[in-house]
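Residue strings, one per chain:
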Amino acid sequence: SQIFANHVPHHCSKSTAVNNEVNTQTSVSSSSDDYDSCLPFSKIPEPRGLPWFGRWLEYKLDYSKVHRRDLILKKLQAEYGDIVKETIAGRHIVHLFHPDYIKQVYDSEGKYPMVPPILESVEMYRRSNDLTPGLGNSNGEVWYKLRAAVQYILLRPKKAMDFLPGQNKVAADFMNRLDGLIAENGEVPDLNRWIARWGLESAANNCFDIRMNYFETKEGLELSNRIINANSDVFDLATKLYFSLPIYRIFQTPSLKKLFDQEDFINEEACKNLDTALERYTKAVEDGTLAEDRFLFLTHMLQSEHVSDKDLRTIILSILTDTLSTTSQILLNNLYNLANNQKEQEKAADEARSLLTSSGELTSAAFNSSIYLRACIKESFRLHPVGLDILRLSPCNLAIGGYQVPEGTYLCLNNYVHSLDPAIIPKAESYIPERWLRDSDWDKINPYLLTPFSLGTRMCVGRRFAEQELLLMLAKILTSYRLEWHYGKMHQRFRMLLIPDQEVKVKFIRRDG
Ligand code: HEM
């Protein structure tokens, strides 16, 4: 398939490889001899199931098992150990639960970490519509060149900081809007959707340098609704397809068609906005009126020789939808956790006040100086992550936990289960941001245990944008409001990524009133 077409096999640089290169840099001590002496792939523990079908029927009969995949994974680890195989309709997945095993995979990645597409059906959509696959669906040299161009502007701290003034403006406007949305009981009806609208507005502003009024005008509200719904449908349908028989790979099933229709809509919207932005950009260049701080994203992308027009369209699509599926959901989780933990919330609010300027802005220096709020965000990631796993195709033959894991195996680096295990994390169920502070009393936590943005050269390219926007919004909300929670425990629902399984009915109490 096209996904693998760009695969440039590299020889594992660590001694886990079959080619037995000498390794001087890592403590991973397996070699080709180890690989040969390991138990074969077929012996990796796995739950019973029919050959090829595996657990397909189980998920089909009880879809709640898909929604609570976190519980399924926990059970798999408890029953079978830290390396477990799972088969779902022909897809053989190897789950790695132990941070040391996860480290082993990262350590053996070469220049081009290999991934399967996170949403296979979306990758199919792009392929059948002559779009480029995008960063997350590319591998090898093609991925590497595109990645270098995109990460230059998104991930380099100095460059990403240039977007902070725009992010501040969107956040300030959202805070004004929020005030009017709070009902008499202190809650914001439909908070999840309002937060999604903020995320979309901020992402569009980052890409196009224009305000879309997604949380302001009637048209903006309607349009953002349609985009949010379409993105939500894409994830629901992609999850349904992932757990179904792969007939959709042969012909367009109704679910795949619906997913394609929703992608068509999001894609058309993104392209329309890009074309308008390009017109304004070109005019500004021609008139000689392009200010240095305008159209930062487009200026860089258009100047990069490795970014084609098609690449640009896919990257923009990804920034818009990723913000909806990740940053917005993570902000909701943070509000929930802070509302549930008053003592910690007050400490965070104290820091928040010291971070913002008198006009309520977050400067780059203040962003860099935050300690406690960052720890809160990290702790919230531990309890309510954005995803359960990070996907990889094993870069070479690996000897993991005494088993042979051949090159190209579909791996789930699954640290979620251990990051909630009381044997590994003391008081695992409690929200304790302090555990992430330097020199805290807490034992050193394995650095491969909590990696919300992943690690290494393939780490989330939107990480800086997400961190800036999260910290900014949390600082602003905590400065203006005290948060309370009066409902039961919030869980998350799995749809390839995780979202709150309910309306986040945080109570907002004005601090100055
Ligand atoms: C809280 C927010 C976010 C979290 C926790 C998150 C997490 C992740 C993770 C775990 C990966 C997989 C990395 C790997 O395979 O090693 C990833 C990849 C990616 N993320 Fe994010 N993400 C977030 C927000 C964003 C945003 C806002 C954007 C867009 C601006 C974005 C764009 C991407 C892209 C394009 C990739 C693929 C990178 C590649 O394969 O080279 N993410 N993200």
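Whatever comes next refers back to the structure up there.
Residues numbered from 1 in each chain as written. Predicted model: local features only at pLDDT ≥ 70, side-chain atom pairs only at ≥ 80, totals over all residues. Heavy atoms only, no water.

1. Focus: the sheet that holds strand β1 (residues 83-88)
Working step 1: Spatial ordering of the open sheet is given by β1-β2-β6-β3, a layout of four strands whose pairing is mixed. Single-partner strands in this sheet number two, and they are β1 and β3 (390-393). Each strand axis lies, on average, 30 degrees off the axis of its neighbour in the sheet, ignoring direction.
Working step 2: Examined bridge by bridge, β1 and strand β2 (residues 91-96) share six bridges and lie antiparallel to one another. Of the residues in β2, the one forming a bridge with V84 is H95. (Pairing = 2+ DSSP bridges. Helix = DSSP H or I, 4+ residues; strand = E, 2+ residues; numbered from the N terminus. Axes fitted to C-alpha atoms, helices over the stretch in contact; angles between N-to-C directions.)

2. With respect to the site of the ligand
Working step 1: Around the ligand, a shell composed of 23 residues is seen, among which W143, R147, R392, S454 and C460 lie nearest.
Working step 2: Residue R392 places a side-chain N or O atom 2.7 Å away from an oxygen atom belonging to the ligand.
Working step 3: Ranked by residues supplied to the shell around the ligand, first place goes to helix α15 (residues 309-339) with seven residues.
Working step 4: The residue makeup of the shell around the ligand, split by class, is twelve nonpolar, seven polar and four charged. (Near = heavy atom within 4 Å. Polar contact = N/O pair within 3.5 Å; in protein donor to acceptor, adjacent residues only side chain to side chain. Nonpolar A, V, L, I, M, F, W, Y, C, P; charged D, E, K, R; others polar.)

3. Some thoughts on the packing of aromatic side chains
Working step 1: Following the criterion strictly, the structure yields 16 aromatic pairs and no others.
Working step 2: Summarising the aromatic geometry, the rings of Y281 and F295 are spaced 5.7 Å apart at their centres and angled 80 degrees between planes, so their arrangement reads as edge-to-face. Of the two residues, Y281 sits in helix α13 (residues 254-287) while F295 sits in the loop between α13 and α14 (296-303), which places them 14 residues apart along the sequence.
Working step 3: The structure contains a cluster of three or more aromatic residues connected by ring pairs, namely Y59, Y242, F243 and F494. (Phe/Tyr/Trp six-rings, centres within 6.5 Å; stacked < 30°, edge-to-face > 60°.)

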